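This is what each chain is made of:
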Amino acid sequence: MAKFECVRCRRFFDRVALEDVCPTCYAFEEEEFRKIKEYLEKHPGATSSDLVSQLDVSIKSIKRYLKEERLEIIGDNKGFIRCELCGLPLNSGRFCVACFREGTALRMKEVRSGMKSTELYSGDTNTKYQRGIQYRKKGQN
Ligand SMILES: [Zn+2]
Ligand SMILES: [Zn+2]
């Protein structure tokens, strides 16, 4: 299997699934994400610039957490992240609803090992709209 370049430290590593970072950076990001989550719990409606200035998190990392659906944007969305196929502004994830099926197919093509299938995106019908970026509680209804 081809080596994958870590998006964070640019070192090459053996990719297991679809992770974008090497095991070293992964551990670092787990800790970083824990801090973000804690911060957002204390400061609901915090903006990305708050995260950058208070936690020393890079905008690049925030964008990646959004694409990985670990965070989602609530409120004003000026196209901070966009659908990778059509460029529509998104609140989280890599593809808009219209492109989701196609995007998932593309994404699955990237997977060479047996990974469990991607859960269907249910949409965010009950999102409370406020300014800023808020932690998206995955796996809860
Ligand atoms: Zn790395
Ligand atoms: Zn799209």
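All values derive from a computational prediction rather than experimental measurement. (Residues numbered from 1 in each chain as written. Chains lettered and ligands numbered in written order. Predicted model: local features only at pLDDT ≥ 70, side-chain atom pairs only at ≥ 80, totals over all residues. Heavy atoms only, no water.)

**Considering the overall build of the protein**
Part 1 of the argument: Secondary structure summary: the protein contains four helices and six strands in total.
Part 2 of the argument: Listed by position from the N terminus, the elements making up the protein come as β-β-α-α-α-β-β-β-α-β.
Part 3 of the argument: Here the protein holds 141 residues, and 37% of them are scored as buried.
Part 4 of the argument: Long-range pairs, those at least 24 residues apart, make up 44% of the contacts in the protein with a sequence separation of at least 6.
Part 5 of the argument: Of the roughly 9,200 Å² of accessible surface on the protein, 52% is carried by carbon and sulfur atoms. (Helix = DSSP H or I, 4+ residues; strand = E, 2+ residues; numbered from the N terminus. Buried < 20%, exposed > 50% of the residue type's maximum accessible area, 1.4 Å probe, protein only. Contact = heavy atoms within 4.5 Å. Areas by Shrake-Rupley, 256 points an atom, 1.4 Å probe, with all protein chains shown as cover.)

**Quick look at the coordination of the zinc ion (ligand 2)**
Part 1 of the argument: Only Cys83 (SG), Cys86 (SG), Cys96 (SG) and Cys99 (SG) from the protein reach the zinc ion (ligand 2) as donors, at distances of 2.3 to 2.4 Å.
Part 2 of the argument: All donors of the zinc ion (ligand 2) come from a single chain, and their spacing in sequence reads C-x2-C-x9-C-x2-C. Taken together, the positions of Cys86 in the loop between strand S4 (81–82) and strand S5 (89–90) and Cys99 in helix H4 (residues 97–110) put the pair 13 residues apart, joining distant regions of the chain.
Part 3 of the argument: The partly exposed category is assigned to Cys86, whose relative accessible area is 46%. (Donors = N, O, S within 2.8 Å, 3.2 Å for Na, K, Ca; no water.)

**Observations regarding the environment of Asp14**
Part 1 of the argument: Secondary-structure assignment places Asp14 in strand S2 (residues 12–14).
Part 2 of the argument: Of the polar contacts made by the side chain of Asp14, one reaches the side chain of Lys3; its length is 3.3 Å. (Polar contact = N/O pair within 3.5 Å; in protein donor to acceptor, adjacent residues only side chain to side chain.)

**Notes on unusual backbone geometry**
Part 1 of the argument: The phi angle at Asp56 is positive, at roughly 60 degrees, despite the residue not being glycine.
Part 2 of the argument: With respect to the helices and strands, the residue Asp56 is situated in the loop between helix H2 (48–55) and helix H3 (59–67).
Part 3 of the argument: For Asp56, a relative accessible area of 68% corresponds to the exposed category.
Part 4 of the argument: Of note, Glu69 is a non-glycine position whose phi angle comes to about 60 degrees, a positive value.
Part 5 of the argument: With respect to the helices and strands, Glu69 occurs in the loop between H3 and strand S3 (71–73).
Part 6 of the argument: Take Glu69: its relative accessible area is 16%, and that puts it in the buried class.

**Topic: the packing of helix H1 (residues 23–42) against H3**
Part 1 of the argument: Running from N to C, H1 and H3 point in directions that differ by 85 degrees, and their axes come no closer than 12 Å. By the angle between their directions, the pair H1 and H3 is classed as roughly perpendicular. Each of Glu29, Glu32, Phe33 and Ile36 in H1 lies in contact with H3, whose residues at this interface are Ser61, Arg64 and Tyr65.
Part 2 of the argument: Residues belonging to the contact of H1 with H3 are distributed by class as follows: three nonpolar, one polar and three charged. (Axes fitted to C-alpha atoms, helices over the stretch in contact; angles between N-to-C directions. Parallel < 35°, antiparallel > 145°, perpendicular 65-115°, else oblique. Nonpolar A, V, L, I, M, F, W, Y, C, P; charged D, E, K, R; others polar.)

**Describing the nonpolar core**
Part 1 of the argument: Judged by nonpolar contacts, the single largest core of 19 residues is most densely connected at Ile36, Leu40, Leu51 and Leu71.
Part 2 of the argument: Counting only elements with at least two residues in this core, the list comes to H1, H2, H3 and S3.
Part 3 of the argument: When residues of this core are assigned to their parent elements, the largest contribution, four residues, is made by H1.
Part 4 of the argument: Core analysis: the second largest hydrophobic core is formed by five residues, Cys6, Phe13, Val21 and Cys25 among them. (Core = buried A, V, L, I, M, F, W, Y, C linked by side-chain atoms within 4.5 Å.)

**Section: the coordination of the zinc ion (ligand 1)**
Part 1 of the argument: Donor atoms from the polypeptide that coordinate the zinc ion (ligand 1) comprise Cys6 (SG), Cys9 (SG), Cys22 (SG) and Cys25 (SG), at 2.3 Å from the metal.
Part 2 of the argument: The site at the zinc ion (ligand 1) holds four donor atoms, and with the angles between them running 104 to 117 degrees, its shape is tetrahedral.
Part 3 of the argument: Taken in chain order, the donor set of the zinc ion (ligand 1) reads C-x2-C-x12-C-x2-C.
Part 4 of the argument: According to the relative accessible area criterion, Cys6 is buried, its value standing at 0%. (Tetrahedral: all angles 85-135°; square planar, octahedral: opposite > 155°, others 65-115°.)

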